Amino acid sequence: MYEINLQDITQDGNKKITSLGGKENGLNAAKKLNIKQIASENETVKIVIPEYINGFHSSYFAGLFSEVISDLKNNKKDFIDKFIFDARDIILEQINDAIDLCFMDTSAIKLK
């Protein structure tokens, strides 16, 4: 199992980013962490989110994993099987919400 620790991109000395938001920020993080390649080369990837992170927003999640979700053909089960998240419960709830949003059933009836 390959491990990615988000501390690598959220801490610089004593300076820490405590809230992860924005699709562009997620896209930039995905490039820095090389998530697409790591996901393609490893059966399972563990994402460690440091204790000091207080927010993991769906926009950031969408940017961070957009290429991987596309590579997995938008298959939620395959994504859940591939990625393991290690974080505080409140952050895991936010990640689960983001997963639900990113893998919404687009075949649902649309409101007029």
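The shown structure was predicted, so the numbers you read here are calculated from the model rather than taken from an experiment.

(A) Summary view of the packing of helix H4 (residues 58–71) against helix H6 (residues 89–102). At a minimum axis separation of 10 Å, H4 and H6 run at an interaxial angle of 55 degrees. The orientation of H4 with respect to H6, classified from their angle, is oblique. The way H4 lies across H6 gives a crossing that is right-handed. Where H4 abuts H6, its residues Ser58, Phe61, Ala62 and Ile69 lie against Ile95, Ala98, Ile99, Leu101 and Cys102. Grouping the amino acids of the contact of H4 with H6 by side-chain chemistry returns 8 nonpolar, 1 polar and no charged.

(B) Up close: the sheet that holds strand S5 (residues 45–48). On the basis of which strands lie adjacent, the open sheet formed by 3 strands has the order S1-S5-S7 and parallel pairing. A strand with exactly one partner marks an edge of an open sheet, and here the two such strands are strand S1 (2–5) and strand S7 (83–86). Taking the axes of each pair of neighbouring strands and ignoring which way they run, one obtains an average angle of 20 degrees across the sheet. Two elements, S1 and S5, share 4 bridges in a ladder whose sense is parallel. Residue pairing for S5: Glu3 is matched across the bridge by Lys46.

Procedures and definitions
- Residues numbered from 1 in each chain as written.
- Predicted model: local features only at pLDDT ≥ 70, side-chain atom pairs only at ≥ 80, totals over all residues.
- Heavy atoms only, no water.
- Axes fitted to C-alpha atoms, helices over the stretch in contact; angles between N-to-C directions.
- Helix = DSSP H or I, 4+ residues; strand = E, 2+ residues; numbered from the N terminus.
- Parallel < 35°, antiparallel > 145°, perpendicular 65-115°, else oblique.
- Left-handed = near helix turned anticlockwise from the far one by under 90°.
- Contact = heavy atoms within 4.5 Å.
- Nonpolar A, V, L, I, M, F, W, Y, C, P; charged D, E, K, R; others polar.
- Pairing = 2+ DSSP bridges.

Geometry only, nothing functional implied.
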